[in-house]
Amino acid sequence: MCGIIGYCGEKSAAPIVLEGLKRLEYRGYDSAGIASLCDGRLLMKKDVGKIDEVNQKHNLGSLLGNTAIGHTRWATHGGVTQDNAHPHCDCKREIFVVHNGIIENHQPLRHRLERKYSFVSETDSEVIPHLIREFMDMGSSLEQAVCQAVKELRGSYAILAISASEPQKIVAARKDSPLVVGIGSGESFVASDVLSFLKHTNRVIFVEDGEIVSLNNDKVTIHDGEGRQIPREPQKVDWKWSGATKQGYEFFMRKEIMEQPWAMRCALMQDRGLIMEAAMDILRTRQVVLTGCGTSRHAALIGRYLFSKVGGKFSDVIMGSEFHHFSDSIHKDTLVIAVSQSGETADILEGVKKAKANGATILSIVNVVGSSLARLSDKVVYLNCGPEIGVAATKSFVSELVIFYLLAFAMINQLREGMRAIKSLSLLTRKNLNHNGAISPELAQGLKGKNDFYYIARGINFATAMEAALKAKEIAYVHAEGMPAGELKHGTLALIEQKTPVIAICPADYTFEETMSNVAEAKARGAFIIGVSDRNEESFDEWLKIPTVEEVFYPLVSIVPLQLLAYDLAVAKGLDPDKPRNLAKSVTVK
Ligand code: F6R
C-alpha cells in the first residue's frame, strides 16, 4: 500500500518526484525517500515521517539529476525506521529500487542472497536490488536483470529500478500492484497512480501483470516476460489536476464531503444503455453476489436492499476479504457485482479473479478509470466523482449509492424517473450539508471526551449505521459500533451506561417505530440519544435533522450529518482526518 513514482526527462527530476509523492501520500505516510541519477552517480535521501517532515529535514527536492524514483511507505515487513524506508540498494550502491507490494518468498531469497551480500533492512523489498545485482554481475542489462529477478519473486509488486551503469533509464515491473506510465513531451513518468503526475500529462499507459517497462525520456518500451515487445498506444484520462487539490479547504475530507451534491450529479452521467443492460443482467442471472470492502461493502449492503425492495431480486453481499473462500459456489450462472472506489483493493481482486476463473460474469462499480478491477471486469460503471484523496471514503460512498439507485430503477424500467429524483436530491443534499455543517462542530466539542459510540438503524438504514461508525472509528479513533437496532438487546445493550452516545438513524419511514422502541430501551439505561431523522422526538438529547425524502432515498441523506460529525470529532480532537494512523487509502495488500 505504498506509493511509488519515477521521472525520466530533461527537467530536474527530484522536485517532480517529490511533488508526485505528496499526491501519493494517501497510500502510506510512515516514511519516504528519493533516489536520483546524476552524471552516472546515484544519490539518495530517505527517513521516517510524513513527506513534509522528511523533506524539511533532508530537502529531498535538492537531489540532482534528470532521473529519479521515490517512495512513500506504509509499513508491512519491518518497523518504521530509516533503514526500512525506501529506496533500497545493492551493496555497491549502484542499483536503487522502490517497491510497493509484498514479496511472499523473501525469507528463502534472503537466506540465499545473504551468503553473497549484506542486508541493512528488515524489509521484504531489499531482496530485489540484491537479486538485480546478481543478474547484472552475470552480464545482464538492467532491463534483463529486472526481468530475471521478478521471475524469482512470489507475491505482489510494482517495482521501479535505476542503475548507475544505465543513466537516463528507469525499469519498471508489476504483478498485482498498480502501475501506470505517463507520456509527456521529452519526459516520462511511472507511478502507482495517475494523480501523481496528472499535472504534467494525461496520456497514460496502464501496465499489465508480468510486463517489464523501460523508460528513457519520452521513449517507453514494454516487453513481456519472454522479452517480446508489446505495442501499446497511450490513452487519455480526463481527471483534472484541480480535483486533486484542496481548493481552499483545510482538509481533503471536508472538501470531499462538501462536493457530494456535485458528485451525485456526476454519477448520473452514465450511458443509459449500459445501465439498462446491467439491470437486465441482474434480473436474469440466477445468482447475484455483491462484494466490496469497508465503505464500498456498506454501499453494497444498501444496494442489496434496493435490488430487493425496488427490483424484487434477492442478492447477497460477501465482504471482499472473505469472498474467495466462497469461490466453490460461484459459477457461470453467477453475476458478481464488485464495488471499489480505487479498483485496486487486493482482497476484491483476489475474489474476482477466482470468480472469473469459475466462469462468473463480473460487473464492477469503480471510480478510478483503468484500475485493475475495471480491466478485469466484463462491464464497468464508473462513479465519475473525480479523485478522492481523504483516506476516509465520503463522496465515493454517495456516488456508489447513486449507481445502485440507477440499477434498481432500471430493473423496473424507471431509469429516467430515478435519475430525476436523484437530481433533485442533490439540491436537498446541499441544504442538508449547510444545516448540519453549522451545528456539528459544537456537538463534536461536547462529544470529544467520549470513547464509545453505538450507531443503530433498521432495514435499508442499517448499513448507514455501519458506515457512520466506520467513519468515526477511522478518523476520530473512538470505539464505534454500527448495528441493526434490533440486535442491541441481544448483547450490546450491556455496554450502555449513563451518557453513552447512541446515534439512532430513524427517518420517518417504515423503520421508524421499531427503531424508536430500541431508542427507548437504550434511553432507559441512561444513553445519550442523538437522533438522525426528519422528525424530532422527545427522547432525542440532540437532533440531527435530515430532509424528508421518499423512503428508499433515506440512506443518501442520513449519512451526511454523520460524515460531518466524524470529521468534526477528529478536528475537535486535534487529529488529521485526511491521514488517519495505520491506514492507507488504497489497500493493495491482502
Ligand atoms: C473507509 C475506507 C475503506 C475503503 C476500503 C475499500 O472510509 O475508505 O474502508 O472503503 O478500503 O476501498 P475501495 O473502495 O477502494 O475498494
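### Comments concerning the pattern of salt bridges
1) Next: What the rule picks out here adds up to 33 salt bridges.
2) Next: Between Lys199 and Glu19 there is a salt bridge whose closest N-O contact spans 2.8 Å. Of this pair, Lys199 sits in the loop between strand S10 (188-191) and strand S11 (203-206) while Glu19 sits in helix H1 (residues 13-24), placing them 180 residues apart in sequence.
3) Next: Among the residues examined, Lys199 registers a relative accessible area of 46% and is labelled partly exposed.

### A few points about the environment of Leu18
1) Next: Looking at where Leu18 falls in the secondary structure, it is placed in helix H1.
2) Next: Taking the C-alpha atoms as reference points, Leu18 and Ser62, 44 residues apart in sequence, are found 9.9 Å from one another.
3) Next: Once residues within four sequence positions are removed from consideration, Leu18 is found in contact with Ile34, Ile51, Asn55, Leu60 and Gly61.

### Describing the site of the ligand
1) Next: Of all residues adjacent to the ligand, which total 15 residues, the nearest are Ser296, Ser340, Ser342, Thr345 and Glu474.
2) Next: Ser342 places a side-chain nitrogen or oxygen 2.7 Å from an oxygen atom of the ligand.
3) Next: Residue Ala393 places a main-chain N or O atom 2.9 Å away from an oxygen atom belonging to the ligand.
4) Next: Protein contacts shield 90% of the accessible area of the ligand, which totals 410 Å² for the unbound molecule.
5) Next: Elements supplying a minimum of two residues to the shell around the ligand: helix H9 (294-309) and helix H15 (462-476).

### A word on the side chain of Asp224
1) Next: Looking at the element boundaries, Asp224 is found in the loop between strand S13 (219-223) and strand S14 (235-236).
2) Next: Within polar-contact distance, the side chain of Asp224 engages the backbone nitrogen of Glu226 at 2.9 Å.
3) Next: The contact partners of Asp224, leaving out residues within four places of it in the chain, are Gly210 and Ile230.

### Remarks on the sheet that holds S14
1) Next: Strand order in the open sheet made by the 8 strands is S3-S2-S4-S1-S10-S9-S11-S14, with antiparallel pairing throughout. The open sheet has two free edges, formed respectively by strand S3 (41-48) and S14, since each of these has just one partner strand.
2) Next: Of the pairings in the sheet, the one linking strand S1 (residues 3-8) to strand S4 (residues 67-73) comprises 6 bridges and is antiparallel in character. Considered in S4, the bridge of Ile4 is made with His71.
3) Next: Here H1 sits on the sheet and contacts S1, strand S2 (31-38), S4 and S10; the angle it forms with S1, its principal contact strand, is near 155 degrees.
4) Next: This element, helix H2 (residues 51-58), spans S2, S3 and S4 of the sheet and lies at about 125 degrees to S3.

### Details of helix H5 (residues 142-151)
1) Next: Counting buried residues along H5, 7 of its 10 residues qualify, which places the element largely inside the surrounding structure.
2) Next: Among the structural elements, helix H4 (127-137), strand S7 (155-163), strand S8 (170-175), strand S12 (212-216) and S13 are those in contact with the buried residues of H5.

### Let's talk about the packing of H4 against H5
1) Next: Between H4 and H5, the least distance of the axes is 8 Å, while the angle of their chain directions is 125 degrees. When the interaxial angle is binned, H4 and H5 end up oblique. In this structure, H4 crosses over H5, and the sense of that crossing is right-handed. In this structure, H4 contributes Leu131, Ile132, Phe135 and Met136 to the contact, and H5 contributes Leu142, Ala145, Val146, Gln148 and Ala149.

### Focus on the domain arrangement of the protein chain
Reports often express the size of an interface as the amount of accessible area lost when the parts come together.
1) Next: Domain assignment breaks the protein chain into domain 1 (3-237), domain 2 (250-413) and domain 3 (438-575).
2) Next: When each unit is reduced to the centre of its C-alpha atoms, the spacing between domain 1 and domain 3 is 45 Å.

### Digging into the packing of aromatic side chains
1) Next: Within the structure shown, the criterion is met by 6 aromatic pairs.
2) Next: Ring centres of Phe307 and Phe404 lie 5.7 Å apart, and the angle between their planes is 65 degrees; this geometry places the pair in the edge-to-face category. With Phe307 in helix H9 and Phe404 in helix H13 (residues 395-411), the pair connects residues that are 97 residues apart, well separated along the chain. Each member of the pair, Phe307 as well as Phe404, is classed as buried.
3) Next: Among the aromatic residues, those joined into a cluster by ring pairs are Tyr7, Phe189 and Phe197.
4) Next: The residue whose ring lies beneath Lys309 is Tyr510, and the NZ or CZ to ring-centre distance is 4.1 Å.

Conventions used here
Residues numbered from 1 in each chain as written. Predicted model: local features only at pLDDT ≥ 70, side-chain atom pairs only at ≥ 80, totals over all residues. Heavy atoms only, no water. Salt bridge = Lys/Arg side-chain N within 4 Å of Asp/Glu carboxyl O. Helix = DSSP H or I, 4+ residues; strand = E, 2+ residues; numbered from the N terminus. Buried < 20%, exposed > 50% of the residue type's maximum accessible area, 1.4 Å probe, protein only. Contact = heavy atoms within 4.5 Å. Near = heavy atom within 4 Å. Polar contact = N/O pair within 3.5 Å; in protein donor to acceptor, adjacent residues only side chain to side chain. Areas by Shrake-Rupley, 256 points an atom, 1.4 Å probe, with all protein chains shown as cover. Pairing = 2+ DSSP bridges. Axes fitted to C-alpha atoms, helices over the stretch in contact; angles between N-to-C directions. Parallel < 35°, antiparallel > 145°, perpendicular 65-115°, else oblique. Left-handed = near helix turned anticlockwise from the far one by under 90°. Domains from an automatic or database assignment. Phe/Tyr/Trp six-rings, centres within 6.5 Å; stacked < 30°, edge-to-face > 60°. Lys NZ or Arg CZ within 6 Å of the ring centre and 35° of its normal.

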